[in-house]
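# Examination of the molecular architecture
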Amino acid sequence: MNNPLFDLTGRTALVTGSSQGLGLAMARGLAEGGAAVVLNGRDAKKLAGAADALGAEVAGARVATAAFDVTDGAAVAREVARIESEFAPIDILVNNAGIQRRAPLAEMTEAQWREVLDTNLTSVFLVARAVAPRMIARGAGKIVNICSVMSDVTRPTIGNYAAAKGGLKMLTKAMAVEWAKHGLQCNGIAPGYMVTELNRPLIENAEFNKWICGRTPAGRWGKPEELVGAAVFLSSRASDFVNGQLLAVDGGLLAAL
Ligand code: GCO
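How each quantity is defined
Residues numbered from 1 in each chain as written. Predicted model: local features only at pLDDT ≥ 70, side-chain atom pairs only at ≥ 80, totals over all residues. Heavy atoms only, no water. Phe/Tyr/Trp six-rings, centres within 6.5 Å; stacked < 30°, edge-to-face > 60°. Helix = DSSP H or I, 4+ residues; strand = E, 2+ residues; numbered from the N terminus. Buried < 20%, exposed > 50% of the residue type's maximum accessible area, 1.4 Å probe, protein only. Lys NZ or Arg CZ within 6 Å of the ring centre and 35° of its normal. Axes fitted to C-alpha atoms, helices over the stretch in contact; angles between N-to-C directions. Parallel < 35°, antiparallel > 145°, perpendicular 65-115°, else oblique. Left-handed = near helix turned anticlockwise from the far one by under 90°. Contact = heavy atoms within 4.5 Å. Nonpolar A, V, L, I, M, F, W, Y, C, P; charged D, E, K, R; others polar. Disulfide = S-S within 2.5 Å. Salt bridge = Lys/Arg side-chain N within 4 Å of Asp/Glu carboxyl O. Pairing = 2+ DSSP bridges.

## Points about the packing of aromatic side chains
Under the criterion given, the structure shown has four aromatic pairs. Relative to Trp211, the ring of Phe208 has its centre 5.3 Å away and its plane inclined at 65 degrees; by these criteria the two rings are edge-to-face. Of the two residues, Phe208 and Trp211 both sit in helix α7 (residues 206-215), three residues apart, roughly one turn of that helix. What makes Trp211 partly exposed here is its relative accessible area of 42%. Judged by centre distance (6.4 Å) and plane angle (45 degrees), the rings of Phe208 and Trp221 are tilted. Taken as a pair, Phe208 in helix α7 and Trp221 in the loop between α7 and α8 (228-235) lie far apart in primary sequence, 13 residues in all. Of the residues examined, Trp221 reaches a relative accessible area of 9% and is grouped as buried. An aromatic cluster is defined as three or more aromatic residues linked by ring pairs; in this entry it consists of Tyr193, Phe208, Trp211 and Trp221. One residue, Arg62, lies across the ring of Phe87, its end atom 4.4 Å from the ring centre.

This is how it looks when you write it as structure tokens:
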């Protein structure tokens, strides 16, 4: 018997950056948990394909798509209003959209810096600023920010990404301390090294792959679906008194020297 604390039936989740990878895996998990899901990405065709696949995989799933650029404040405001009027009020917001532009800091271009900070950090402010007032008016809402182990540690060539994810850890706490009194719970998930398109160059690099499998106590890369448990927990009534926390799903990486 499933514990009703984790039941998402009747709730609607918007997951940004969910046409593939971690976002799509979490959207699929939330749908399996009973939520209606709105997939987001910039490519409407890719989104439609992901929505069709998810609808075929999860019996009875309610799936919609919203193609917009999470770094475009006007588009974000317009699309959030459309989702709420045409589909359903957003009960769960998973801010997952993220990119990598790897380069040594001393050689990093301004564009590489700004693109990563805009997509991985500023976008979360823009989307939450559009969604949170509506959740506040309803006296309830769940915001789950996909941070990273790079919110706390880093390695060479990802200084822009680490700065953004470090900032996202603190933005998550800022949301919690301002919005908890309105019935919102704002928390983060910190994935470790997961098998995604964004990491394909690393996985295919034998030396880097060996290092990660040695650096991670579980001795392996994580699978996107291994984030679903944390996403369902932080999206459900089971986390109604949890706020401003980061839940690492990293195979023990952050626990190890
Ligand atoms: C890298 C990786 C990392 C991880 C991610 C884990 O270049 O080292 O892309 O950034 O994938 O941060 O959450």
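## Let's talk about the packing of helix α1 (residues 21-32) against α8
In the contact formed by α1 and α8, the axes pass within 9 Å of each other and the chain directions differ by 55 degrees. With respect to each other, α1 and α8 are oriented oblique. Seen from above, α1 lies across α8 with right-handed handedness. Taken together, the residues of α8 that come into contact with α1 (itself represented by Ala25, Met26, Gly29 and Leu30) are Val228, Ala231, Val232 and Ser235. For the contact of α1 with α8, the class distribution of residues is six nonpolar, two polar and no charged.

## A word on the packing of helix α4 (residues 110-138) against helix α5 (residues 159-179)
Close contact between α4 and α5 brings their axes to 8 Å; oriented N to C, the two are set at 15 degrees. Between α4 and α5, the angle falls in the class roughly parallel. Seen along the crossing, α4 lies across α5 with a hand that is right-handed. Two secondary-structure elements touch here, α4 through Gln112, Trp113, Val116, Leu117, Asn120, Leu121, Val124, Phe125, Ala128, Ala132 and Ile136 and α5 through Gly159, Asn160, Tyr161, Ala163, Ala164, Lys165, Gly167, Leu168, Leu171, Met175 and Trp179.

## Observations regarding the side chain of Ser19
Structurally, Ser19 is set in the loop between β1 (12-15) and α1. Sequence-distant contacts of Ser19, defined by excluding residues within four places in its chain, comprise Leu24, Asn40, Lys46, Leu47 and Ala50.

## Points about the state of the cysteines
Simply put, the disulfide is a covalent bond whose two ends are the sulfur atoms of two cysteines. In total, this model carries zero disulfides according to the counting rule given. Cys186 takes part in no disulfide bond, and the closest cysteine sulfur to it belongs to Cys147, at a distance of 11 Å.

## Section: the pattern of salt bridges
Tallied over the full model, the rule gives 12 salt bridges. Linking Glu57 and Arg28 is a salt bridge whose minimum nitrogen-to-oxygen distance equals 2.6 Å. Here Glu57 is found in helix α2 (residues 44-57), whereas its partner Arg28 is found in helix α1, with 29 residues between them in sequence. Using a relative accessible area of 46% as the deciding quantity, one classes Glu57 as partly exposed. Residue Glu204 pairs with Arg200 through a salt bridge whose shortest N-O separation is 3.7 Å. Take Arg200: its relative accessible area is 32%, and that puts it in the partly exposed class.

## Overview of the sheet that holds strand β5 (residues 141-146)
Taken in spatial order, the seven strands line up as β3-β2-β1-β4-β5-β6-β7 in an open sheet, and their pairing is parallel. Unpaired on one side and paired on the other, β3 (63-67) and β7 (246-249) mark the two borders of the sheet. Here the strands of the sheet are splayed against their neighbours by 20 degrees on average, with no regard to which way each runs. Contacting β2 (36-41) and β3, α2 runs over the sheet at an angle of about 165 degrees to β3.

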